[in-house]
Amino acid sequence: CRVQLWDSEEPVPRAELLAGVAGKRGLLCLLSDRIDREVLDAAGPSLKVISTMSVGFDHLSLDEIKKRGIRVGYTPDVLTDATAELSVALLLATCRRLPEALEQVKSGGWTTWKPLWMCGYGLSDSTVGIIGLGRIGQAVARRLKPFGVKKFLYTGSHPKPENAAEFEAEFVPLAKLAEESDFVVVTCALTPATQGMCNKEFFGRMKKTAVFVNTSRGAVVNQDDLYDALAQGKIAAAGLDVTTPEPLPTEHPLLSLKNCVVLPHIGSATYATRNTMAVLAADNLLAGLRGEPMPHELVL
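Conventions adopted
- Residues numbered from 1 in each chain as written.
- Predicted model: local features only at pLDDT ≥ 70, side-chain atom pairs only at ≥ 80, totals over all residues.
- Heavy atoms only, no water.
- Core = buried A, V, L, I, M, F, W, Y, C linked by side-chain atoms within 4.5 Å.
- Buried < 20%, exposed > 50% of the residue type's maximum accessible area, 1.4 Å probe, protein only.
- Helix = DSSP H or I, 4+ residues; strand = E, 2+ residues; numbered from the N terminus.
- Contact = heavy atoms within 4.5 Å.
- UniProt positions renumbered as here; feature names shortened; annotations may be inferred.
- Salt bridge = Lys/Arg side-chain N within 4 Å of Asp/Glu carboxyl O.
- Phe/Tyr/Trp six-rings, centres within 6.5 Å; stacked < 30°, edge-to-face > 60°.
- Lys NZ or Arg CZ within 6 Å of the ring centre and 35° of its normal.
- Pairing = 2+ DSSP bridges.
- Axes fitted to C-alpha atoms, helices over the stretch in contact; angles between N-to-C directions.
- Parallel < 35°, antiparallel > 145°, perpendicular 65-115°, else oblique.
- Left-handed = near helix turned anticlockwise from the far one by under 90°.
- Nonpolar A, V, L, I, M, F, W, Y, C, P; charged D, E, K, R; others polar.

Some points on the nonpolar core
Within soluble globular proteins, side chains that are nonpolar generally end up buried alongside one another. L91, L123, V128, L144, F152, F183 and V211 are the most contacted members of the largest nonpolar core, which totals 28 residues. If you list the elements that add at least two residues to this core, you get helix 4 (80-95), strand 4 (127-131), helix 6 (135-144), strand 5 (151-155), strand 7 (183-186) and strand 8 (211-214). If near-sequence neighbours (up to four positions away) are discounted, V211 is found in contact with L91, T94, C95, D182, F183, V184, M206 and A237.

And the structure:
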């Protein structure tokens, strides 16, 4: 293959992408690249394969891509464990107030042992609600179970008894999950149905002592409503690995809250996982160019 490479950690500028994709047969992109009609028009009819180094594909205009008969490869499965580990780490950091406690050590706020100082919420004997019991949702539940979680609830487009059996998880409507969960973990895909799903009504149903964690996509959450819920004490805390936009501006109101932990979308950020994703993305692209079955093709 003849390869044209944007050799930088920063996303390719739009103008460079539009110029670079012209006349190409294949495109390997990241989730930071918006592949829409403008890009597809710039590429022209020669473009046959798009491979994204991500499990999410909300940055791809799938209707336009399907219309043109372009095949799409993506990288599911390989980042499941890393993202589940990060979800649990973020949950623990948020519910036990670790960033806040660390700041107290550094700023001199740690003076003596106090009975209720820096108290948070534990997983033992709790109810955990998982929004989206797919690969990552199951992997999160598998890791949380040994902490002594009493009950798992889940919601999604339909019940998944085969996924739920291992955790004896109960399928419930979104409203009931919000009302009964001590911890809510969002691991669903971003679709028109899930966009803005965690909103004022949702947070209003949650317990005041509940902790909310999102490692899926930022747009699943209405961030203004989340800010209000956190600032007014309607929920205890939130941990986010994904936001809208990304990166989140440093002056964003969520970053002013002590009870909100925000990470820079590092769910799959282990060396092993990112290397495996890169190889899979390349293998998908090469298979597509050869007209062979891809290791992981998105069925459009």
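Section: the UniProt feature "domain: D-isomer specific 2-hydroxyacid dehydrogenase NAD-binding" (unreviewed entry) in the chain
Mapped onto the present numbering, the UniProt feature "domain: D-isomer specific 2-hydroxyacid dehydrogenase NAD-binding" (unreviewed entry) falls on residues 88-267. The span residues 88-267 shows a helical share of 30% and a strand share of 15%, and its end C-alpha atoms are spaced 10 Å apart.

Notes on the side chain of R217
Looking at the element boundaries, R217 is found in the loop between strand 8 and helix 10 (223-231). For R217, a relative accessible area of 15% gives the class buried. When residues no more than four places from it in sequence are discounted, the contact partners of R217 are L31, G56, D58, L190, V242 and H265.

Details of the pattern of salt bridges
On inspection of all chains with the given rule, the structure shows 20 salt bridges. Where salt bridges share partners, they join R37, D41, E64, K67 and R68 into one cluster.

Overview of the packing of aromatic side chains
Considering all chains together, one arrives at six aromatic pairs under this definition. On the numbers, 6.2 Å between centres and 70° between planes, the contact of F202 with F212 is edge-to-face. Taken together, the residues span a long stretch of sequence, with F202 in helix 9 (residues 200-205) and F212 in strand 8 at a distance of 10 residues. Using a relative accessible area of 0% as the deciding quantity, one classes F212 as buried. The aromatic ring of W117 is capped on one face by K114, whose charged end is 4.4 Å from the ring centroid.

Here's the deal with the UniProt feature "domain: D-isomer specific 2-hydroxyacid dehydrogenase catalytic" (unreviewed entry) in the chain
UniProt's entry tags residues 11-297 with the feature "domain: D-isomer specific 2-hydroxyacid dehydrogenase catalytic" (unreviewed entry), counted in the numbering of this structure. Across residues 11-297, the secondary structure splits into 36% helix and 13% strand, with the terminal C-alpha atoms separated by 24 Å.

What about the sheet that holds strand 10 (residues 260-262)?
Here we have seven strands laid out as an open sheet, ordered 6-5-4-7-8-9-10, and parallel in their pairing. Each edge of the sheet is formed by a strand with only one pairing partner; in this case those strands are strand 6 (170-171) and strand 10. Its contacts with the sheet put helix 4 on strand 7, strand 8, strand 9 (237-240) and strand 10, and the angle it makes with strand 8 is roughly 150°. Across the sheet, helix 6 touches strand 4, strand 5 and strand 7, and the angle it forms with strand 4 is around 165°.

Describing the packing of helix 4 against helix 6
Where helix 4 meets helix 6, the closest approach of the two axes is 8 Å, and the angle between their N-to-C directions is 55°. If you check the angle between helix 4 and helix 6, you find them oblique. In this structure, the crossing between helix 4 and helix 6 has a hand that is right-handed. Across from T80, D81, T83, A84, E85, S87, V88 and L91 in helix 4, the residues of helix 6 making contact are R135, I136, A139, V140, R143 and L144. Here the contact of helix 4 with helix 6 is built from residues that sort into seven nonpolar, three polar and four charged.

Things to note about the sheet that holds strand 1 (residues 26-29)
Strand order in the open sheet made by the three strands is 1-2-3, with parallel pairing throughout. Each edge of the sheet is formed by a strand with only one pairing partner; in this case those strands are strand 1 and strand 3 (71-73). The mean angle between the axes of side-by-side strands here comes to 15°, regardless of whether they run parallel or antiparallel. Across four bridges, the pairing between strand 1 and strand 2 (residues 49-52) is parallel. Residue pairing for strand 2: C29 is matched across the bridge by T52. Packed onto the sheet, helix 11 (residues 271-290) meets strand 1, strand 2 and strand 3 and runs at close to 170° relative to strand 2.

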